[in-house]
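# Reading the structure
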Amino acid sequence: MTAIMSGLVCAAPGPVLPFFDATTLPAVAAGSEPNPYRNHEARARIVEVGRTVYNQSCAVCHGADATRMGPAPSLRAVGRFCLRITETSLKSRCVADADHYFYKSVMEGKVKLGVTHMPAWRDVLSSEAVWAVRTFLEAPPPAEQKP
């Protein structure tokens, strides 16, 4: 109950399949790591698909476009500390670890002390959709819309 009252748990409904054109995402093997879309030639399109999936599936808890705070932590922070590492091989290992953490967290969810902090998405999102979201989160935030 304390977790709910402190805002650490998002009371969102269970995972719901987002509407997006999966055919625009290049195929990846399930569980491919690190992020196979990070330097992909179709990255701009992948970022847009990731944004769509994120806003339909993740924004309710993590904030719209990952630019506004939600009741759950910002996903843009996952692995950001790796950018400060200057040694190439260590930086690469750090990014791979962050990718693994992100992918596993999305697919398996987060349950602590019997409380579901994040539902598992493995039966809802494909590997392609998860990596598209990760690619979106690594891209610069979308520009704020001006009225």
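Residues numbered from 1 in each chain as written. Predicted model: local features only at pLDDT ≥ 70, side-chain atom pairs only at ≥ 80, totals over all residues. Heavy atoms only, no water.

### Focus on the overall build of the protein chain
The following threshold applies: Numbering of helices and strands starts at the N terminus; helices are DSSP runs of H or I of at least 4 residues and strands are runs of E of at least 2. Residues count as neighbours in contact if any of their non-hydrogen atoms are within 4.5 Å of one another. Surface accessibility in these figures is a Shrake-Rupley result with a 1.4 Å probe; residues are shielded only by whichever protein chains are displayed.
When helices and strands are tallied, the protein chain shows 5 helices and 2 strands. Residue pairs in contact within the protein chain that sit at least 24 positions apart in sequence constitute 65% of those at least 6 positions apart. A total accessible area of about 8,800 Å² is found for the protein chain, and carbon and sulfur atoms account for 61% of it.

### Section: helix H4 (residues 88-108)
Rules: By this rule, a helix spans an expected 1.5 Å times one less than how many residues it contains. The buried label goes to any residue with under 20% of its type's maximum accessible area, the exposed label to any with over 50%, and the partly exposed label to all in between, with areas taken from a 1.4 Å probe on protein chains only.
Taking 1.5 Å of rise per residue, the 21 residues of H4 would be expected to cover 30 Å, and the 30 Å separating its terminal C-alpha atoms lies within 8% of that figure. Where H4 is concerned, the buried positions are Cys94, Val95, Ala98, Asp99, Phe102, Tyr103, Ser105, Val106 and Met107. Positive phi shows up at Gly109, right after H4, with a value of about 75°.

### Considering the state of the cysteines
To keep it simple, the criterion reads: Any two cysteine sulfur atoms within 2.5 Å of one another count as a disulfide.
Counted under the stated rule, the structure contains 1 disulfide. Between the sulfur of Cys82 and that of Cys94 lies a disulfide, 2.0 Å long from S to S. On the sign convention where negative means left-handed, the S-S torsion of about -75° between Cys82 and Cys94 marks this disulfide as left-handed. Of this pair, Cys82 sits in the loop between helix H3 (59-62) and H4 while Cys94 is found in helix H4, placing the two residues 12 residues apart along the sequence.

### So, the packing of helix H2 (residues 43-57) against helix H5 (residues 127-138)
Selection criterion: Axis angles are defined between N-to-C directions and span 0 to 180 degrees, where every axis is a line fitted to C-alpha atoms and, for a helix, only to the segment in contact. For classification purposes, an angle smaller than 35 degrees is called roughly parallel, one larger than 145 roughly antiparallel, one from 65 to 115 roughly perpendicular, and anything else oblique.
Viewed as axis vectors pointing N to C, H2 and H5 meet at an angle of 100°, and their least axial separation amounts to 7 Å. Taken as axis vectors, H2 and H5 run roughly perpendicular relative to one another. Contacts from Arg43, Ile46, Val47, Val49, Gly50, Arg51, Val53 and Tyr54 in H2 reach Ala129, Ala132, Val133, Thr135, Phe136, Leu137 and Glu138 in H5.

### Comments concerning the nonpolar core
What counts is decided by this rule: The definition of a nonpolar core used throughout is a set of buried Ala, Val, Leu, Ile, Met, Phe, Trp, Tyr and Cys residues joined through side-chain atoms within 4.5 Å.
Counting residues in hydrophobic clusters, the biggest one holds 29 residues, and the most contacted among them are Tyr54, Phe102 and Leu137. When contributions to this core are tallied by element, the ones reaching two or more residues are H2, H4 and H5. Ranked by the residues each element gives to this core, the list is headed by H5, at 7 residues. Leave out the neighbours within four places in its chain, and Tyr54 touches Ala59, His62, Gly63, Ala64, Asp65, Ala66, Leu75, Val133, Phe136 and Leu137.

### Examining unusual backbone geometry
A positive phi angle, close to 55°, is found at Ala66, a residue other than glycine. Within the secondary structure layout, Ala66 lies in the loop between H3 and H4. The exposure class of Ala66 is buried, given its relative accessible area of 8%. Within the chain, Leu113 stands out as a residue other than glycine whose phi angle is a positive 50°. Structurally, the position occupied by Leu113 is in the loop between strand E1 (110-112) and strand E2 (115-118). A relative accessible area of 90% places Leu113 in the exposed class.

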